[in-house]
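Chains, contacts and geometry: an overview
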Amino acid sequence: MRSDEMNKTEADLLISGDFVLTFNEGKEILEKGAVAVAGDGIVAVGNSSDLVKEVEAKEELDANGCLIMPGLINLHTHAAMTCFRGLADDLPLQEWLHEHIFPAEATYVSEENAYWAALLAVVEMIKSGTTTFCDGYFFEDGAARAVTASGIRAVLGQGVVDFPAPGVPDPRINLKAAEAFVFRWQGKSPRLMPSIFCHSPYTCSPETLIGAKDICREHEIPFQIHLAETRTELEEIQQRYGHRPVDHLGSLGLLDAQTICHHAVIVNDEEIELLARSGVGVSHNPESNMKLASGVAPLPEMLAAGVKVGLGTDGCASNNNLDIFQEMDSAAKIHKVHQGDPALSSALQVAVMATSGGAAALGMSPVLGSLEPGKKADLITIDLNQPHLTPMYDPCSHLVYAARGADVRDVIIDGSIVMRERQLLEMDEQEIMAKVREIAAAIR
């Protein structure tokens, strides 16, 4: 064996493409770049011509004509709500929740239905480039089964409210049920992290919120909550507790780097400073916020203050899809028109939110969000040979303003190819859709 062969880096997979968007600290973009993967991790990133000489790979994935980038992170979902997609549109949030969604959940959500509906969500997310999602819902064991069966990465929060809920008809045991979920799934899969998701400050008492956070601290897992989503919530929390929602959580000692706050639409400058100082993660969900007329979150102000912000879709009942590419486009545009400044929410800022920003909000920056040696091999390729992607001057701009989820060609998660040339390798897409259609027929 020649000495140059002996010095080569061994890899299981070498992916070469027209562009590599690293989203590393320098936001480096490589033309004619490549990524080498060994096991579940990235071992090399560089120019294709160099890595071909330096890496001995068992398999090569030819992504010529494609852009390679980190997998997208969907920071806020209710995966099993795919079965309610389009069920009750064009309604105010409280009417939508109390008159339509909560009654439908009470009747039709079971662990088996949650499993199939979450599988459908996973299919949709993988096919649109999401490799990690952060979820919160009831019968979350169904979602956990879907994650382990599919190959995707997830933070899964068992839902908690202070009234009878699917799977937990007695609210007196809501925290016991949530902790039991954590015990069942913690450490069972390297791609799954359990969590507890308290629905909101208006559906959970201070005692419930503190108890849930204590469990999360004990197990060193994320605590999730909808926060400051609407003006109705603001008025209700002020009337009940004498605080605005963010201050309310702060007074209870719930804001820290292991807390993820979803929405944060109705927040003032002082609350933004508190969110930044506390180190919480925030999910920005512009399409859901628009659809439910919740308002426009102060994203530019949060980013300027140093809040860790990622992008989320919310559930399919309030979006109605799980495509982070559409979310990027909306996030980039809504703040420009809202504040009359075309320079706000740049393509780069928004693309960072969908990748490394989401990883930071989850507390997973050491392993996710960018293409660098030592990080998990979660990456996607995007087919650039499309009319709407021609010509290309700025790859990052194309990601946000022109690309679609359907342009994703290949998806690799934890070093394994889960979609190759638009074909899912781990799941039967037709069977899953048929099962959810059966669920929808009963709901209808």
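That block above? That's the structure.
What counts, and where the lines are drawn
- Residues numbered from 1 in each chain as written.
- Predicted model: local features only at pLDDT ≥ 70, side-chain atom pairs only at ≥ 80, totals over all residues.
- Heavy atoms only, no water.
- Helix = DSSP H or I, 4+ residues; strand = E, 2+ residues; numbered from the N terminus.
- Rg over C-alpha atoms; globule rule 2.2 N^0.38 Å.
- Buried < 20%, exposed > 50% of the residue type's maximum accessible area, 1.4 Å probe, protein only.
- Pairing = 2+ DSSP bridges.
- Axes fitted to C-alpha atoms, helices over the stretch in contact; angles between N-to-C directions.
- Core = buried A, V, L, I, M, F, W, Y, C linked by side-chain atoms within 4.5 Å.
- Contact = heavy atoms within 4.5 Å.
- Salt bridge = Lys/Arg side-chain N within 4 Å of Asp/Glu carboxyl O.
- Disulfide = S-S within 2.5 Å.
- Parallel < 35°, antiparallel > 145°, perpendicular 65-115°, else oblique.
- Left-handed = near helix turned anticlockwise from the far one by under 90°.
- Nonpolar A, V, L, I, M, F, W, Y, C, P; charged D, E, K, R; others polar.
- Expected span 1.5 Å × (residues − 1).

**Digging into the overall build of the protein**
A tally of regular secondary structure across the protein gives 16 helices and 16 strands. Relative to its length of 444 residues, the protein is compact, with a C-alpha radius of gyration of 21 Å against a globular reference of 22 Å. Overall, the protein is about 75 × 45 × 40 Å in size when its C-alpha atoms are taken along their principal axes. When the 444 residues of the protein are sorted by exposure, 61% land in the buried category.

**Here we look at the sheet that holds strand β11 (residues 281-284)**
The sheet built from eight strands is open, its strands ordered β5-β6-β7-β8-β9-β10-β11-β12 with parallel pairing. Strands with a single pairing partner mark the edges of an open sheet, and in this sheet they are β5 (72-77) and β12 (308-311). This sheet shows a mean twist of 25 degrees between the axes of neighbouring strands, independent of strand direction. Here strand β6 (residues 130-137) runs beside strand β7 (residues 153-160); their pairing, made up of six bridges, is parallel. Its bridge partner lying in β7, Phe-133 is registered against Ala-154.

**With respect to the nonpolar core**
Judged by nonpolar contacts, the single largest core of 121 residues is most densely connected at Ile-126, Met-328 and Ile-382. Here the element with the most residues in this core is helix α4 (residues 111-127); it accounts for twelve residues. Every residue in contact with Ile-382, bar those within four places of it in the chain, is listed here: Gly-65, Cys-66, Leu-67, Met-69, Phe-325, Leu-389, Leu-399, Asp-407, Val-408 and Arg-409. If you look at the next biggest cluster of nonpolar residues, it comprises 16 residues, including Leu-13, Val-35, Ala-63 and Ala-377.

**A closer look at the sheet that holds strand β14 (residues 408-413)**
Remark on secondary structure: sheet strands pair via backbone hydrogen bonds, oriented parallel or antiparallel. Across the sheet, eight strands lie side by side as β3-β2-β1-β4-β13-β14-β15-β16; this open sheet has mixed pairing. Among the strands making up the open sheet, the edge pair consists of β3 (41-47) and β16 (423-424). Bridge analysis of strand β13 (residues 379-383) against β14 gives four bridges, and the strand direction is antiparallel. Across the sheet, the residue bridging to Thr-381 is Asp-410, located in β14.

**Concerning the pattern of salt bridges**
Applying the stated criterion across every chain, the model contains 21 salt bridges. Taking the shortest distance from any N to any O, the salt bridge between Asp-18 and Lys-32 comes out at 3.1 Å. Taken together, the positions of Asp-18 in strand β1 (residues 9-21) and Lys-32 in strand β2 (residues 29-38) put the pair 14 residues apart, joining distant regions of the chain. A salt bridge links Lys-291 to Asp-89; its shortest N-O distance comes to 2.6 Å. Residue Lys-291 is found in helix α11 (residues 286-291), and its partner Asp-89 is found in the loop between β5 and α3 (93-108); the two are separated by 202 residues along the sequence. In this structure Lys-291 comes out as partly exposed when scored by relative accessible area, which is 25%. With a relative accessible area of 29%, Asp-89 lands in the partly exposed category.

**Observations concerning the state of the cysteines**
For the structure shown, the criterion picks out zero disulfides. In this model Cys-198 remains outside any disulfide bridge; the closest cysteine sulfur is found in Cys-204, 4.3 Å from its own.

**Overview of helix α5 (residues 140-150)**
Among the eleven residues in α5, eight count as buried, and that is most of the element. Considered for burial, the residues of α5 that qualify are Glu-140, Asp-141, Gly-142, Ala-143, Ala-144, Ala-146, Val-147 and Ser-150. Buried-residue contacts for α5 involve α4, β6, β7, α6 (174-185), β8 (192-198) and β15 (416-420). Two residues or fewer past α5, Gly-151 is found with a positive phi of approximately 100 degrees.

**Some thoughts on the packing of α5 against α6**
Where α5 meets α6, the closest approach of the two axes is 11 Å, and the angle between their N-to-C directions is 20 degrees. Classed by the angle they form, the pair α5 and α6 counts as roughly parallel. Like other packed secondary-structure pairs, α5 and α6 cross with a definite hand, here right-handed. Only Phe-181, Arg-184 and Trp-185 of α6 make contact with α5, whose side of the interface consists of Glu-140, Asp-141, Ala-144, Arg-145 and Thr-148. A class-by-class count of the residues in the contact of α5 with α6 yields three nonpolar, one polar and four charged.

**Overview of unusual backbone geometry**
The linkage connecting Thr-390 with the following residue, Pro-391, adopts the cis geometry, with an omega of -5 degrees. Among the secondary structure elements, Pro-391 is positioned in the loop between β13 and α15 (395-401). In this model, Lys-32 sits at a positive phi of 50 degrees, which is unusual for a non-glycine residue.

**Thoughts on helix α14 (residues 347-362)**
Three- or four-residue spacings in an α-helix give side chains the same orientation, since the helix completes a turn every 3.6 residues. A rise of 1.5 Å per residue sets the reference length of α14, with its 16 residues, at 22 Å; its end C-alpha atoms lie 22 Å apart and thus fit the reference within 8%. Burial of α14 is extensive: 13 of the 16 residues sit out of reach of the surface. One or two steps after α14, the chain reaches Gly-363, where phi turns positive at roughly 75 degrees.

**Observations concerning the side chain of Ser-330**
With respect to the element layout, Ser-330 can be found in helix α13 (residues 324-339). Ser-330 sits in the buried class, given a relative accessible area of 13%.

That is the geometry; function is a separate question.
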